[in-house]
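# An overview of the molecular structure
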Amino acid sequence: MLIGEGLLKRLGARVRKVLSGQTCAIITDSNVAPLFADRVKQSLTSAGFCVTLITIPAGEKSKTLKQAGAICDQMIAAGLDRQSFVVGLGGGVVGDISGFVAAIYHRGIPHVQIPTTLLAMVDSSIGGKTGVNTRDGKNLIGAIHHPLLVIDDLDVLKSLPRREFNQSFAEIIKHAVIADAKMFRTLQSWKATEAVALQRLIKRNIEIKSRIVAKDERDRTGERALLNFGHTVGHAIERAGDYRKFLHGEALSLGIIAACAVSVKKAGLTPDQRDAIVDLLRQFELPTTLPKNFPRKKIFDALKFDKKFEGGKVRFVVTPKIGTAHVSGDVTMEDIREAIAGL
């Protein structure tokens, strides 16, 4: 994991230190390709790699088995083999599908991730979860396949629209709520835009997620489930909005509000702390209420496809106070329904 400025220029030399294969595929999307693909391709080519550039349509709708198969077909046609590697250049969608392709191509080849959003830097590029969506929900098909190398070049964040940048703070706030009360207080007075402060914040989020993932790499014991705080309802909101109404971080913000409502009822979270969380989400211009005409019933219908429901039981993450969280078996579907109704 490298974090800093001007890293794309040195990408080829860095990859050459850890990989001996000669061929690779850059997987990117139609938004990112015009901005960074040439620079990344040139850096890899100058280090002696033969590069195939594969561009998919931007957006969650591209995260499908069909698209993954089409990428594999292009890689086969280009002659990529078991010694080849994949470079994922983009946000969370690109990271998920490029990692999935790397996991299944020739039963697994190395994956290099270059996140181009703050959200991907602090969340999806860490932990090795890859996957594609189905008609019934997000990431229902996937694999654990850790990237060999992650390059967080802070320069790429300068291209992000404000809304895209701000949505990242939903995941950052989530990490603070479940694991770091000090970071929560830092965010309450956050005004920094300089690279050093941002680099420090990204590094801290990587540490938090990495520590949790290391205890439960394959999401079996419940430790890793803490990272799902806010996601049960957040993912359902994304699906109910057909992945178009809200960005992931915006849907997560609403999911965090719902999780806080459940936490007040079932885990002893104080109303003052709940309000502090709501205020912090608002500080980063994240939504805290649903539009009146949003189909709430669709949200509830989407919950049954959530991977965190096992054997019909709800595994819901609650916070008793800022800085800590746990998985509760006491939360009912009615509790969640009430929380959604209150959004």
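Anything mentioned here points back to the structure above.
Residues numbered from 1 in each chain as written. Predicted model: local features only at pLDDT ≥ 70, side-chain atom pairs only at ≥ 80, totals over all residues. Heavy atoms only, no water.

Along the backbone of the protein there are 13 helices and 12 strands. For the protein, whose C-alpha radius of gyration is 20 Å, the value lies close to the compact-globule estimate of 20 Å for 343 residues. Seen through its C-alpha atoms, the protein measures out along the principal axes to roughly 60 × 40 × 40 Å. The proportion of buried residues among the 343 residues of the protein is 57%. Residue pairs in contact within the protein that sit at least 24 positions apart in sequence constitute 77% of those at least 6 positions apart. A total accessible area of about 14900 Å² is found for the protein, and carbon and sulfur atoms account for 51% of it. Considering the protein, the positive charge centre built from 49 side chains and the negative charge centre built from 35 side chains are found 1 Å apart. (Helix = DSSP H or I, 4+ residues; strand = E, 2+ residues; numbered from the N terminus. Rg over C-alpha atoms; globule rule 2.2 N^0.38 Å. Buried < 20%, exposed > 50% of the residue type's maximum accessible area, 1.4 Å probe, protein only. Contact = heavy atoms within 4.5 Å. Areas by Shrake-Rupley, 256 points an atom, 1.4 Å probe, with all protein chains shown as cover. Lys, Arg positive; Asp, Glu negative; His and termini not counted. Charge placed at Lys NZ, Arg CZ, Asp CG, Glu CD.)

What follows covers the packing of aromatic side chains. The final tally for this structure, using the stated rule, is 5 aromatic pairs. Seen from their ring centres, F169 and F284 are 4.1 Å apart, and the 10 degrees between their planes marks the pair as stacked. Here F169, found in helix 6 (residues 162-179), pairs with F284, found in the loop between helix 11 (271-283) and helix 12 (296-303); they are 115 residues apart in sequence, far enough to count as distant. The same class applies to F169 and to F284, which are both buried. On the basis of an interplanar angle of 55 degrees and a centroid distance of 5.7 Å, the ring pair of F246 and F294 is categorised as tilted. In this pair, F246 sits in the loop between helix 9 (231-240) and helix 10 (248-266) while F294 sits in the loop between helix 11 and helix 12, placing the two residues 48 residues apart along the sequence. (Phe/Tyr/Trp six-rings, centres within 6.5 Å; stacked < 30°, edge-to-face > 60°.)

Turning to the packing of helix 7 (residues 181-188) against helix 11, a few remarks are in order. Running from N to C, helix 7 and helix 11 cross one another at 50 degrees; their axes reach a closest spacing of 10 Å. Comparing the axis directions of helix 7 and helix 11 gives the class oblique. The way helix 7 lies across helix 11 gives a crossing that is left-handed. Contacts between helix 7 and helix 11 involve F184, L187 and Q188 on the former and, on the latter, A276, I277, L280 and Q283. When its residues are assigned to classes, the contact of helix 7 with helix 11 shows 5 nonpolar, 2 polar and no charged. (Axes fitted to C-alpha atoms, helices over the stretch in contact; angles between N-to-C directions. Parallel < 35°, antiparallel > 145°, perpendicular 65-115°, else oblique. Left-handed = near helix turned anticlockwise from the far one by under 90°. Nonpolar A, V, L, I, M, F, W, Y, C, P; charged D, E, K, R; others polar.)

Attention now moves to the sheet that holds strand 5 (residues 111-115). Ordered in space as 1-8-5-4-2-3, the 6 strands form an open sheet in which the pairing is parallel. On the outer flanks of this sheet lie strand 1 (2-4) and strand 3 (50-56), each paired with one strand and no other. Each strand axis lies, on average, 15 degrees off the axis of its neighbour in the sheet, ignoring direction. Inspection of the sheet shows strand 2 (residues 23-29) paired to strand 4 (residues 85-90) by 5 bridges, in the parallel sense. Within strand 4, the residue paired with I27 across the bridge is G88. Running over the sheet, helix 4 (residues 92-104) touches strand 2, strand 3, strand 4 and strand 5 and is turned about 170 degrees from strand 4. On the sheet, helix 8 (residues 195-215) packs against strand 1 and strand 8 (149-153) and is oriented at approximately 160 degrees with respect to strand 1. (Pairing = 2+ DSSP bridges.)

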